[in-house]
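# Descriptive structure summary
This is what each chain is made of:
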Amino acid sequence: LMKVWPTLGRIAPDELNKKLKGTGLTDEEVQYIIRNIMNAKGIILIADASKIGVRGEDPDQKLPYYLDNLITQIQNTAGKLPKGIGLLLTKFEKWEAYYPQYTSDNGLKDFVKTYLPNTNNLIEAFNKMGVNYSVFYSCLYKDDNSEEERFKIDLTRNRIIYVEKQYDRLITWIKDTFASEQ
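The paragraphs below set out a description of the structure included in this document. (Residues numbered from 1 in each chain as written. Predicted model: local features only at pLDDT ≥ 70, side-chain atom pairs only at ≥ 80, totals over all residues. Heavy atoms only, no water.)

## Quick notes on the pattern of salt bridges
In total, this model carries four salt bridges according to the counting rule given. Note that Asp27 and Lys21 form a salt bridge whose closest N and O atoms lie 3.0 Å from each other. Here Asp176 and Lys175 are joined by a salt bridge, their closest N and O atoms 3.4 Å apart. A relative accessible area of 48% places Asp176 in the partly exposed class. For Lys175, a relative accessible area of 52% translates into the label exposed. (Salt bridge = Lys/Arg side-chain N within 4 Å of Asp/Glu carboxyl O. Buried < 20%, exposed > 50% of the residue type's maximum accessible area, 1.4 Å probe, protein only.)

## A word on helix 3 (residues 27-38)
Between the first and last C-alpha of helix 3 there are 16 Å, a value that for 12 residues agrees with the 16 Å anticipated at 1.5 Å per step. Of the positions making up helix 3, those classed as buried are Val30, Ile34, Ile37 and Met38. Viewed along the axis of helix 3, the buried residues span an arc of 95 degrees, placing them on a single side of the element. For helix 3, the exposed residues set more than 90 degrees away from the buried face come down to Glu28 and Tyr32. (Helix = DSSP H or I, 4+ residues; strand = E, 2+ residues; numbered from the N terminus. Expected span 1.5 Å × (residues − 1). Arc of directions from axis to C-beta.)

## Overview of the sheet that holds strand 3 (residues 132-137)
Pairing is parallel in the open sheet, where three strands are placed in the order 1-2-3. The open sheet has two free edges, formed respectively by strand 1 (42-48) and strand 3, since each of these has just one partner strand. The mean inter-strand angle of the sheet, taken between neighbouring strand axes irrespective of direction, is 15 degrees. By the bridge criterion, seven bridges tie strand 1 to strand 2 (residues 84-90) in an arrangement that is parallel. Note that in strand 2 the partner of Asp48 across the bridge is Thr90. (Pairing = 2+ DSSP bridges. Axes fitted to C-alpha atoms, helices over the stretch in contact; angles between N-to-C directions.)

## Here's the deal with the side chain of Thr119
Among the structural elements, Thr119 can be located in helix 7 (residues 117-128). Among residues more than four places away in sequence, those in contact with Thr119 are Pro59, Asp60, Leu63, Pro64 and Leu87. (Contact = heavy atoms within 4.5 Å.)

Structure below.
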């Protein structure tokens, strides 16, 4: 959706329908997508933390534009702001290892202020208008018993083990932010 939405966020709904259909979606799929987006209680943005500072790939170059267009369209269609905006930073291993001060709740917001300033400014502006905002990260557990740079693997299920605490925080934030009908 992010590849399509930024160029479509400020156009009329009928033109949006036409452009989305041009991507190969059926009428029913287009209506389903638009209806669910416009009626969503909130937004969870996902940013690849390994791309921060990478020229041409830095999420801070795209996320603010995408988010602003999306919220503008929601306001124009539904007449309201979303209840919450969550930002999930994926591939956070490097930052967690070298900058542990950024792994606390307040530290994550400091991280976004420092490394995603454009995104932070926009989200903070929405926060001042009453939109709940929180930041989460996702990374792999490092295998402390290995001398090499390896991640823990659950051999019974043949899966890499992710840090669960942040996903627990995300689920709690979703419940606390969107479950109530305030």
